[in-house]
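Descriptive structure summary
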Amino acid sequence: MSRFIINGGNRVYGETRIQGSKNSVLPILAATVLVKGETVISNCPDISDVNATIKVLRYLGCKVTFENHTVTVDSTDMDKYDIPDDLMREMRSSVIFLGGIIGRMGKARLSTPGGCEIGLRPIDLHLDAIQRFGVNIKEEFAKIEFESVKPLEGTNISLSFPSVGATENIILTACLAKGTTIITNAAREPEITDLADFLNRCGARISGSGEGTIVIEGVENLHSVHHKVIPDRIAASTYMAAAAMTQGKIRLNSVIPAHIAPVIPVFEEAGCDISIEADSVTLTAPPRLKSIKTIRTMPYPGFPTDMQAPVMAMTTVCRGTSVIIETIFESRYKHVSELLRFGAKIRVDGRMSVIEGVDKLTGASVISSDLRGGAALVLAGIAAQGITTVDDIKFIERGYESMENVLGSLGCDIKKEEREITDEYGDDQGAKSSSA
Ligand code: UD1
């Protein structure tokens with residue numbers, strides 16, 4: 001089990017290049033199964049969720065290489081249509097393979113993904129939508145079988161909630177279906193647009209991504225391309241929070257400022273100065289942050305639920321009281337009990353949390369239990385006086401590439417301690433030993 005050891009109190013100061021987007025690369029890699037041939041995806045972050053996705057692709061029969069942030073997938077010989085339970089458990093987002101596998105093979109078999117560390121995470125919207133393409137679904141003993149006896153047919157789907165994953169699965173299923181599919185109340189996240197851009201480059205006909213209505217006209221087949229994944233707006237915003245809470249200054253390079261726009265008002269309300277250029281954003285923190293009146297997590301272009309925990313860490317040292325309302329996931333407050341160990345003052349009532357800022361945090365021994373909550377603990381650790389240990393950082397490594405190197409290069413005293421574990425697929429579960 002790996003952990004971070006942080007000697008807190010240093011300012012986050014300098015510039016950094018932002019990794020490729022986790023939430024873009026996963027559906028794009030899953031989409032490669034629709035392309036019979038070789039696809040090259042660059043700017044892939046070196047994170048464990050990408051490695052888990054590659055394992056699924058290899059299991060399905062695709063040839064995959066991952067070098068220098070570039071994944072090459074040749075799905076010509078894909079011959080399986082199921083995802084084994086252990087791979088499903090390793091990465092709940094494996095459900096994103098559903099649309100691609102059905103589109104390619106006409107059938108699929110998955111185990112029920114079950115809950116995860118941030119809530120129940122049902123897939124009812126995915127299943128209802130897939131059914132509408134003429135796919136029969138059978139659920140038995142925690143396995144779900146999908147089979148289409150005739151070619152998939154385009155359909156109209158109105159989502160009761162703009163689910164990111166369901167929107168992506170519908171797009172993937174619709175690409176090679178006969179006729180037109182229209183999604184209303186579709187998710188508008190930039191990662192949906194990146195997926196659509198990739199597929200359109202392959203020859204798909206998708207319009208309206210980034211808006212509430214997406215139209216997909218089915219095509220016969222998709223061809224090989226090279227695609228560069230967009231920068232990770234959540235990683236970028238996390239490092240902004242790190243600089244904000246350490247009286248620091250950070251310049252984020254290789255970002256798309258428009259994607260960060262939903263979090264900028266929060267940093268401005270806290271008293272940070274933000275300057276924006278074509279592909280960079282600079283945040284300069286004030287000597288003491290001000291509290292944030294109310295942050296409500298919302299689907300894009302609202303404030304992202306993925307930034308709720310990192311921003312909560314920031315508000316623990318603001319002057320005054322801040323309020324956060326989590327509207328997207330029902331139990332996304334696991335980091336709160338750990339933040340209290342730093343001396344933070346937080347009360348949670350259902351989906352609302354009230355954070356009374358303190359003058360300083362004190363280093364603590366804490367355990368990460370989910371990706372963004374874990375990042376919040378690291379932020380608290382770098383801002384706190386004294387030594388912090390963050391255990392179980394495997395969750396953080398699902399989405400942040402070498403957080404210790406990024407923060408180390410920005411002046412933080414953080415090192416990673418680890419022991420190596422090898423799994424039954426022969427893949428190294430952890431990064432190489434590193435410190436910064
Ligand atoms: C994606 C992101 C995740 C982000 C989330 C919301 C990826 C790999 N992950 O997750 O980082 O936090 O969007 O922005 O892109 N829901 C249902 N039924 C369904 C599907 C979803 O009730 O069939 C509910 C979920 O339980 C949750 C809400 O809808 O409460 C949002 O989920 P969704 O947008 O689907 O998130 P993910 O695609 O799982």
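This part is about the overall build of the protein. Scanning the protein from terminus to terminus reveals 14 helices and 23 strands. The C-alpha atoms of the protein give a radius of gyration of 21 Å, which matches the 22 Å a tight globule of 436 residues would have. Looking at the protein as a whole, 57% of its 436 residues qualify as buried. The contacts of the protein with a sequence gap of at least 6 include a subset with a gap of at least 24, amounting to 71%. For the protein, the accessible surface area stands at approximately 17100 Å², while carbon and sulfur atoms represent 48% of it. If the 46 positive side-chain charges of the protein are averaged to one point and the 55 negative ones to another, these points end up 3 Å apart.

What follows covers the pattern of salt bridges. By the definition in use, this model includes 18 salt bridges. Taking the shortest distance from any N to any O, the salt bridge between arginine 233 and glutamate 191 comes out at 2.8 Å. Placement of the pair is arginine 233 in helix α8 (residues 233-244) and glutamate 191 in helix α7 (residues 190-201), with a sequence separation of 42 residues. Under the relative-accessibility criterion, arginine 233 is labelled buried at 8%. Taking the relative accessible area as the measure of exposure, glutamate 191 reaches 3% and is therefore buried. Arginine 332 is the salt-bridge partner of aspartate 306, the closest N and O atoms lying 2.9 Å from each other. Pair noted here: aspartate 306 is in the loop between β17 (294-296) and α11 (308-315) and arginine 332 is in the loop between β18 (321-325) and α12 (335-340), with a separation of 26 residues, a long-range link.

A separate point is the packing of aromatic side chains. Counted according to the given criterion, the structure contains 1 aromatic pair. Centre to centre, the rings of tyrosine 239 and tyrosine 400 are 6.4 Å apart; their planes meet at 75°, and the pair counts as edge-to-face. Highlighted residues: tyrosine 239 in helix α8 and tyrosine 400 in the loop between β22 (386-391) and α14 (403-409), separated in sequence by 161 residues. Classification of tyrosine 400 as buried rests on a relative accessible area of 1%. Lying over the aromatic face of tyrosine 59, lysine 80 brings its terminal NZ or CZ to 4.9 Å of the ring centre.

With that settled, consider the confidence of the model for the protein. Residue-level pLDDT values for the protein average 93, and 94% of them are 70 or greater. Of the regions scoring below 50 in pLDDT, residues 428-436 engages in 27 contacts with residues more than four places distant in sequence or in other chains.

This next bit is on the site of the ligand. Within the structure, the ligand sits among 17 residues, and Asp124, Leu125, Ser163, Asp306 and Ile328 are positioned closest to it. Contacts to the ligand include proline 122, whose backbone N or O atom sits 3.3 Å from an oxygen atom. One of the backbone nitrogen or oxygen atoms of isoleucine 328 is found 2.5 Å away from an oxygen atom of the ligand. Looking at the shell around the ligand, the elements with two or more residues in it are α5 (124-131) and α6 (164-175). Counting residues per element, the shell around the ligand draws most heavily on α5, at 3 residues. By residue class, the composition of the shell around the ligand is 7 nonpolar, 6 polar and 4 charged.

In this structure, Tyr239, Phe267, Leu283 and Met314 are the most contacted members of the largest nonpolar core, which totals 72 residues. Setting aside residues up to four positions removed in sequence, leucine 283 forms contacts with Met240, Ala243, Ala244, Gly248, Lys249, Ile250, Phe267, Cys272, Asp273 and Ile274. Residues Leu34, Phe97, Ala166 and Ala204 belong to the second largest nonpolar core, which totals 71 residues.

The next thing to look at is the pairing of strand β19 (residues 345-349). Judged from the 5 bridges that link them, β19 and strand β20 (residues 352-356) form a sheet pairing that is antiparallel. Residue lysine 345 lies in a different strand from β20, and its bridge partner there is glutamate 356.

The rules behind the values
- Residues numbered from 1 in each chain as written.
- Predicted model: local features only at pLDDT ≥ 70, side-chain atom pairs only at ≥ 80, totals over all residues.
- Heavy atoms only, no water.
- Helix = DSSP H or I, 4+ residues; strand = E, 2+ residues; numbered from the N terminus.
- Rg over C-alpha atoms; globule rule 2.2 N^0.38 Å.
- Buried < 20%, exposed > 50% of the residue type's maximum accessible area, 1.4 Å probe, protein only.
- Contact = heavy atoms within 4.5 Å.
- Areas by Shrake-Rupley, 256 points an atom, 1.4 Å probe, with all protein chains shown as cover.
- Lys, Arg positive; Asp, Glu negative; His and termini not counted.
- Charge placed at Lys NZ, Arg CZ, Asp CG, Glu CD.
- Salt bridge = Lys/Arg side-chain N within 4 Å of Asp/Glu carboxyl O.
- Phe/Tyr/Trp six-rings, centres within 6.5 Å; stacked < 30°, edge-to-face > 60°.
- Lys NZ or Arg CZ within 6 Å of the ring centre and 35° of its normal.
- pLDDT = per-residue confidence, 0-100.
- Near = heavy atom within 4 Å.
- Polar contact = N/O pair within 3.5 Å; in protein donor to acceptor, adjacent residues only side chain to side chain.
- Nonpolar A, V, L, I, M, F, W, Y, C, P; charged D, E, K, R; others polar.
- Core = buried A, V, L, I, M, F, W, Y, C linked by side-chain atoms within 4.5 Å.
- Pairing = 2+ DSSP bridges.

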